[in-house]
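Below, each chain spelled out in residue letters.
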Amino acid sequence: MVTPAVALSLVAVTVVVMTLIGLRYSRGEVRSVEEFITARGSIGTRTMVATLLASNMGAWILFSPAEAGAAFGGITAIAGYALGSAAASLVYVVVGPRIRRLIPRGHTLTEYAYVRYGPAMYVYVLLISVCFMFVSLAANMTGIVGVLSLVAGVPAWQTAGLIGGFVLIYTAYGGLKASIFTDAVQLVLVLPLLGLVFAVTLLSLGGPGTIERTVSASDPSLLDPGFVPGLLFGVYIVVAIAGAELLNQAWWQRVYAAEDERTVRRSFAISGLTVVPIVVVAGLFGVVAAGFGLVREPGDASVALFRLVLETLPEWVGLVVVLLAVLLVMSTADTLFNAIASVVTADLPRLLDDPSERSLTLAARLTTAAVALGATVIGARAYSVLELFLTADLFAVAAAVPLIYGLYSTRATERGMLVASLAGLLVGLAFLPTVHGPLSALGPDGLMPAPSFLRAFLGAASVSTGLAVLSARLTDARFDPGTLSREIGLIGSDTDARLTERGD
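Residues numbered from 1 in each chain as written. Predicted model: local features only at pLDDT ≥ 70, side-chain atom pairs only at ≥ 80, totals over all residues. Heavy atoms only, no water.

Engineer: Could you clarify how one ought to interpret the overall build of the protein chain in this entry?
Structural biologist: Helix and strand content of the protein chain: 21 helices and 0 strands. Taking all 504 residues of the protein chain together, 56% fall into the buried category. A separation of at least 24 residues holds for 86% of the contacts in the protein chain among residues at least 6 apart in sequence. Approximately 19400 Å² of the protein chain is accessible, and the part contributed by carbon and sulfur atoms is 66%. (Helix = DSSP H or I, 4+ residues; strand = E, 2+ residues; numbered from the N terminus. Buried < 20%, exposed > 50% of the residue type's maximum accessible area, 1.4 Å probe, protein only. Contact = heavy atoms within 4.5 Å. Areas by Shrake-Rupley, 256 points an atom, 1.4 Å probe, with all protein chains shown as cover.)

Structure below.
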């Protein structure tokens, strides 16, 4: 077993090096709150692809795809996870350029919700978006805590404090630019490390043929492409991931950070296609672990990859996995620190009386620190966030189409979209297994339908979409799309002058 001292030393070296890289790159680059939260028009295709992939491949990639393969349907469940991850990026190939065209000086999805619909929809979207991102952040922090505890027995507070503290340093200083650049560096390291672990696994277990025969003999359904439970899992996970990511502020930030619309389309398309084989490789560890009898209890599925590494591979591979997990959680943590801070900071000019550029930048950094502290505390306590994560996904899925519909329909109204979102949410919650027990206790026996993730997510998506379209067709209201570009502008007069000189 890897000792706590060795594991912590590896973590410390990794976070210190990445922090120094982030600080060095962003030194002198962040001269305004605009540059802190948007890095507007400054990122080319290669760097954009790298940051999208790195941000999309948080520590969850070492847990969720493997758990899907081990416990939810083998290779069919993995395929669904891969397609869902791809769909989350590919939807922005269409939506991203539309956002830039209608809101050229925008920052966040919440300011769009306020101007396009009104205060009620704004508050609803704000709560859902921040909740979803914070839960995602807490899930990644909890994941890395679990990795270090399982592989090396490191206390939770040491892992969470070390990673959260150092990521905070370079993110609070360099903002989005530091996050994007370190994402690119992290990706260059993550992909070879994941490939190395996969190759060593194949060799150590006797090669692909031996592994296939062992898994087939143990449980043929793991390799059955027509396995129905796996197919059903794949259907609802595509809806859950793609819908939820539409309310992820991190992607809206990167839409604006890209150099132009062509960069947006190419970057999201390439990252969406590239993430598929990566998720498949990560998921296959769960299939192999289950096939080799390493998933003995229900809780083992979520750590299937690590069980496989610890029980069948050389000890040094455990250190590689630790390094891989640290890099992955850093890439997601810095992205979400900055994303949540940007939502708060972009809204302050509306709430305060003409705040100064310095005050807004300070507010962005203080918000980043508060978010980092909260996620670190939750991660250190090692709570299980799976139920919260699924519930947050459902809230986002119910609001996704009504929110985005306003970019395409001039007849979408605040009342119609809010009703559509809430109706979809109520239908989804009625079926959602994670809240089924408490809701059932509130009413007569037999009132609630049987719990089902498939029905929950498909019901929420279809009801909210159908009502959004129907309500728009039944109204005579008309919204002027030009209002978005007129009422959503840059933050700070100094920034406005600099960007005007550049021609942005």
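Engineer: Would you take a moment to explain the pattern of salt bridges for this structure?
Structural biologist: Between side chains of opposite charge, pairing is possible as soon as their charged atoms come close. Inspection of the entire model under this criterion finds 4 salt bridges. For glutamate 261, the salt bridge goes to arginine 101, with nearest N and O atoms at 2.8 Å. Of this pair, glutamate 261 sits in helix α12 (residues 261–291) while arginine 101 sits in helix α5 (residues 74–102), placing them 160 residues apart in sequence. Judged by its relative accessible area of 23%, glutamate 261 falls in the partly exposed class. The class for arginine 101 is partly exposed, based on a relative accessible area of 47%. (Salt bridge = Lys/Arg side-chain N within 4 Å of Asp/Glu carboxyl O.)

Engineer: What is the right way to look at α5 in this model?
Structural biologist: Since one α-helical turn is 3.6 residues long, residues separated by three or four positions face the same way. In this model, α5 (29 residues) spans 43 Å end to end at C-alpha, consistent with the 42 Å of a helix rising 1.5 Å per residue. The sharpest bend along α5 reaches about 45° and sits at valine 93, with the proline proline 97 one to four residues further on. (Expected span 1.5 Å × (residues − 1). Bend = angle between axes of the 7 residues up to and from the residue.)

Engineer: Looking at this structure, I do not really get the confidence of the model for the protein chain. What am I missing?
Structural biologist: The predicted coordinates of low-pLDDT regions are not to be read in fine detail. When the pLDDT values of the protein chain are averaged, the result is 83; 87% of them are 70 or greater. Low pLDDT, under 50, characterises residues 493–504; the predicted model gives this stretch 15 contacts beyond four residues in sequence or across chains. (pLDDT = per-residue confidence, 0-100.)

Engineer: Looking at this model, I keep getting lost on the packing of helix α17 (residues 414–431) against helix α19 (residues 453–473). Mind explaining?
Structural biologist: Relative placement of two packed helices is described by the angle separating their axes and the distance separating the axes. One way to put it is that α17 packs onto α19 with a least axis distance of 7 Å and a crossing angle of 160°. Put simply, α17 runs roughly antiparallel to α19. Along this stretch, α17 crosses α19, giving a crossing that reads as right-handed. Between α17 and α19, the contacting residues are Gly416, Met417, Ala420, Ser421, Ala423, Gly424, Val427, Gly428 and Phe431 on the first element and Arg455, Ala456, Gly459, Ala460, Val463, Ser464, Leu467, Ala468 and Ser471 on the second. Here the residues of the contact of α17 with α19 sort into 10 nonpolar, 7 polar and 1 charged. (Axes fitted to C-alpha atoms, helices over the stretch in contact; angles between N-to-C directions. Parallel < 35°, antiparallel > 145°, perpendicular 65-115°, else oblique. Left-handed = near helix turned anticlockwise from the far one by under 90°. Nonpolar A, V, L, I, M, F, W, Y, C, P; charged D, E, K, R; others polar.)

Engineer: Just checking my understanding: could you explain the environment of glutamine 249 for this structure?
Structural biologist: With respect to the helices, strands and loops of the structure, glutamine 249 is situated in helix α11 (residues 249–257). The class for glutamine 249 is buried, based on a relative accessible area of 0%. The spatial distance from the C-alpha of glutamine 249 to the C-alpha of valine 130 is 8.4 Å, given a sequence separation of 119 residues. For glutamine 249, the residues in contact, after removing those within four places along its chain, are His107, Thr108, Leu109, Ser129, Met133, Ala339, Ser342 and Val343.

Engineer: Just to check I follow, could you spell out the packing of aromatic side chains for this structure?
Structural biologist: Both the distance between ring centres and the angle between the ring planes are used here to describe each pair of aromatic rings. According to the stated counting rule, one finds 12 aromatic pairs in the structure shown. The interplanar angle of 35° and the centroid separation of 5.8 Å between the aromatic rings of tyrosine 112 and tryptophan 252 together place this pair among those described as tilted. Of the two residues, tyrosine 112 is situated in helix α6 (residues 109–116) and tryptophan 252 in helix α11; the sequence distance between them amounts to 140 residues. Taking 5.5 Å as the distance between ring centres and 85° as the angle between the ring planes, the aromatic pair formed by tyrosine 114 and tyrosine 122 counts as edge-to-face. Grouped by ring-pair contacts, the aromatic residues Phe72, Tyr81, Phe233, Tyr236, Phe453 and Phe457 constitute a single cluster. (Phe/Tyr/Trp six-rings, centres within 6.5 Å; stacked < 30°, edge-to-face > 60°.)

Engineer: Help me understand the environment of tyrosine 81 in this model?
Structural biologist: If you trace the backbone, tyrosine 81 turns up in helix α5. Tyrosine 81 gets classed as buried once you look at its relative accessible area, which sits at 10%. Separated by 202 residues in sequence, tyrosine 81 and glycine 283 place their C-alpha atoms 8.6 Å apart. In this view, tyrosine 81 contacts Trp60, Ser64, Pro65, Ala68, Phe233, Ile237, Ile241 and Val279; residues no more than four positions away in its chain are not counted. A polar contact is formed between the side chain of tyrosine 81 and the side chain of serine 64, at a distance of 3.4 Å. (Polar contact = N/O pair within 3.5 Å; in protein donor to acceptor, adjacent residues only side chain to side chain.)

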